[in-house]
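Secondary and tertiary structure notes
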Amino acid sequence: MSDALIDEHDAALFDLDGVVYLGPDPVPAAPDTIAELRRRGVKVGFVTNNAARSAEVVAQHLTDIGIPTEPSDVVTSGQAISDLAADTLPAGARVLIVGTESLRDEARARGLQPVESARDDPVAVIQGYDSQIAWPLLEEAGFALQAGAMWYAANPDITRPTDRGIVPGIGAQLQVVATTCNAEPVIAGKPYRPLLEATISRLRSTSPIFVGDRLDTDIRGANTMDVDSLFVFTGSHGVADVLAAAPEDRPQNIAADLSGLLEPKREVDVSGDRARCGGSIVSVHADREVRAESTPDDICGQLDAVAAMMALVYGSNVTIPDDAGRLFDKLH
């Protein structure tokens, strides 16, 4: 049997929303896959851009859905952005927290003093995702920034995947505030380095692989860190997104879900305008569009076809089929 993808790595880092769980429910493959990784001695870390919940709450959620987890296994963007702010601001500095009580707790734990309004003269705004955000608090953030406060943001995610579909993320809330001031936030979460750096350091990993479902945050973040990546089709982005990805957003590996870590690495053989992966063959036609010679009706075959297409699209000036997402209907 061929070696598993994970055999090249000493640690697996997982995004959570859309990779390990969707809302209250686990991605079906997640509990068994993570248990097998741990059985093999692979270090496991959970990396979340969501600053709304504490590491303790996230760890309990994972445990409740069949993935036993300690808070030390979880690194949140709330922790990372609070570290950044505390490293820059003086001890006891007043900060306006635009987020949940968990984010306030992180700030307090680092010696910062949360305040409620721009009238309290905060020296900084620390913003994290809050599904119940109050509009007046967004206005207070704008007032503070207009008065010269520094701006820290947990992450830039414009959307979030849930069990019911895609919803606006903190990126949308950041855009609301940005309309009121001429400022750019310092960001800790993916695709920026601090969150992944903290996780890799905590695990003492020398050869990690990062598993994500978003190209512009998860995969770009891994590429920024020069870390191997596995993109999975269980969350935000799909086939058309992968094929159209900008160079900085291109994954090294793809799989239907995180169980792809336990499968052999996909190898693509490219010869001119033709590429083969497994039993799937794709080629560039006269109109410079890349097409599959046939569309497999199984997940493995469709993954092979997409991997072969990626090799041609990423390596030359070709176009992708308009109906790529529909053709590979198993990858949703």
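Along each chain, residues carry numbers from 1 onward, in the same order as the chain's sequence is written. In view of the model being predicted, local features appear only for residues whose pLDDT reaches at least 70, and side-chain atom pairs are presented and counted only at 80 or more, with totals across whole chains, interfaces and linings using the full set of residues. As a rule here, side-chain values cover all heavy atoms of the structure and leave hydrogens and water aside.

**Structural notes on the packing of helix H3 (residues 77-88) against helix H4 (residues 101-109)**
Here H3 crosses H4 at 40°, and the two axes come no closer than 9 Å. Crossing geometry of H3 relative to H4 is assigned as right-handed. Across from Gly78, Gln79, Ile81 and Ser82 in H3, the residues of H4 making contact are Leu103, Glu106 and Ala107. Nonpolar residues are Ala, Val, Leu, Ile, Met, Phe, Trp, Tyr, Cys and Pro. Charged residues are Asp, Glu, Lys and Arg, and all others, Gly as well, are polar. Considered class by class, the residues forming the contact of H3 with H4 number three nonpolar, three polar and one charged. Between the N-to-C directions of two axes lies an angle of 0 to 180 degrees, each axis being a line fitted to C-alpha atoms and, for a helix, fitted only over the stretch in contact. The numbering of helices and of strands both runs from the N terminus, where a helix is a DSSP run of H or I of at least 4 residues and a strand a run of E of at least 2. Handedness of a crossing is defined here by the sense of rotation of the near helix relative to the far one, left-handed for an anticlockwise turn of less than a right angle and right-handed for a clockwise turn. In what follows, residue pairs with any heavy atoms lying within 4.5 Å of each other are defined as contacts.

**Section: the nonpolar core**
In summary, soluble globular proteins display a tendency toward joint burial of nonpolar side chains. In these notes, a set of buried Ala, Val, Leu, Ile, Met, Phe, Trp, Tyr and Cys residues joined through side-chain atoms within 4.5 Å is what counts as a nonpolar core. Each residue is assigned to one of three classes by its accessible area relative to the maximum for its type, calculated with a 1.4 Å probe on protein chains only: buried under 20%, partly exposed between the two thresholds, exposed over 50%. In this structure, Phe14, Val20, Phe46, Leu62, Leu258 and Leu261 are the most contacted members of the largest nonpolar core, which totals 31 residues. At the level of secondary structure, the elements contributing two or more residues to this core comprise strand S1 (11-14), helix H1 (30-39), strand S4 (43-48), helix H2 (55-64), strand S13 (208-212) and strand S14 (228-232). Element by element, the count of residues in this core is highest for H2, at four residues. Contact partners of Val20, with chain neighbours within four places excluded, come to Phe14, Asp15, Pro26, Val27, Ala30, Ile34, Phe46, Leu62, Ile67 and Leu258. Judged by nonpolar contacts, the second largest core, of 28 residues, contains Ala51, Leu89, Leu112 and Ile126.

**Structural notes on helix H8 (residues 215-224)**
Taken together, the buried positions of H8 are Leu215, Thr217, Asp218, Ile219, Gly221 and Ala222. Buried residues in H8 make contact with helix H7 (193-203), S13, S14 and helix H9 (239-243). Just beyond H8, the residue with positive phi is Asp226, at close to 60°.

**A few points about the domain arrangement of the protein**
Residue ranges assigned to each domain were obtained from an automatic or database domain assignment. Taken domain by domain, the protein consists of domain 1 (9-48 + 189-260), domain 2 (76-185) and domain 3 (266-325). Taking the mean C-alpha position of each, domain 1 and domain 3 sit 24 Å from one another. Each partner contributes to the interface: domain 1 provides 12 residues, whereas domain 3 provides 12 residues. Between domain 1 and domain 3 the total buried area reaches about 1100 Å² when both faces are included, carbon and sulfur atoms providing 77% of it. Buried area counts how much accessible surface, traced with a 1.4 Å probe, disappears from two parts once they are put together, with both parts' losses summed. When the buried surface of domain 1 facing domain 3 is broken down by residue, Leu243, Arg250 and Ile254 rank first, second and third, together holding 58% of it. By salt bridge we mean one thing: a side-chain nitrogen of Lys or Arg within 4 Å of a carboxyl oxygen of Asp or Glu. Our count for the domain 1 to domain 3 interface comes out at zero salt bridges. The term polar contact refers here to a pair of N or O atoms within 3.5 Å; inside protein, the definition further demands a hydrogen-donor-capable atom paired with an acceptor-capable atom, and it admits residues adjacent in sequence only when both atoms are side-chain atoms. Inspection of the region where domain 1 meets domain 3 yields two residue pairs in polar contact (both at pLDDT 80 or more). Every element with two or more residues in the side of domain 1 that touches domain 3 is listed here: H9 and strand S15 (253-255). Counting residues per element, the side of domain 1 that touches domain 3 draws most heavily on H9, which supplies four residues. Class assignment of the residues belonging to the side of domain 1 that touches domain 3 gives a composition of 11 nonpolar, no polar and one charged.

**Remarks on the packing of helix H5 (residues 135-146) against helix H6 (residues 170-178)**
At a closest axis distance of 9 Å, the pairing of H5 and H6 adopts a crossing angle of 50°. Relative to H6, H5 is oriented oblique. Handedness of the crossing formed by H5 with H6: right-handed. Residue-level inspection shows Trp135, Leu138, Ala141, Gly142 and Leu145 of H5 in contact with H6, the latter providing Gln173, Val176 and Val177. Taken together, the residues of the contact of H5 with H6 break down into six nonpolar, two polar and no charged. When an angle is under 35 degrees it counts as roughly parallel; over 145 it counts as roughly antiparallel; between 65 and 115 it counts as roughly perpendicular; any other value is oblique.

**Some points on the side chain of Gln302**
Position of Gln302 among the secondary structure elements: in helix H10 (residues 299-315). Ignoring sequence-local partners within four residues, the contact set of Gln302 consists of Pro296, Asp297, Leu327, Phe328, Asp329, Lys330 and Leu331.

**Thoughts on the sheet that holds strand S8 (residues 124-127)**
DSSP-based pairing: two strands are paired if at least 2 bridges between them are found. With parallel pairing, five strands are arranged side by side in an open sheet as S7-S6-S8-S9-S12. The open sheet terminates on both sides in strands that have one partner only, identified here as strand S7 (113-115) and strand S12 (186-187). As paired elements, strand S6 (residues 94-98) and S8 share four bridges and run parallel to each other. Following the sheet pairing, Val98 is matched in S8 by Gln127.

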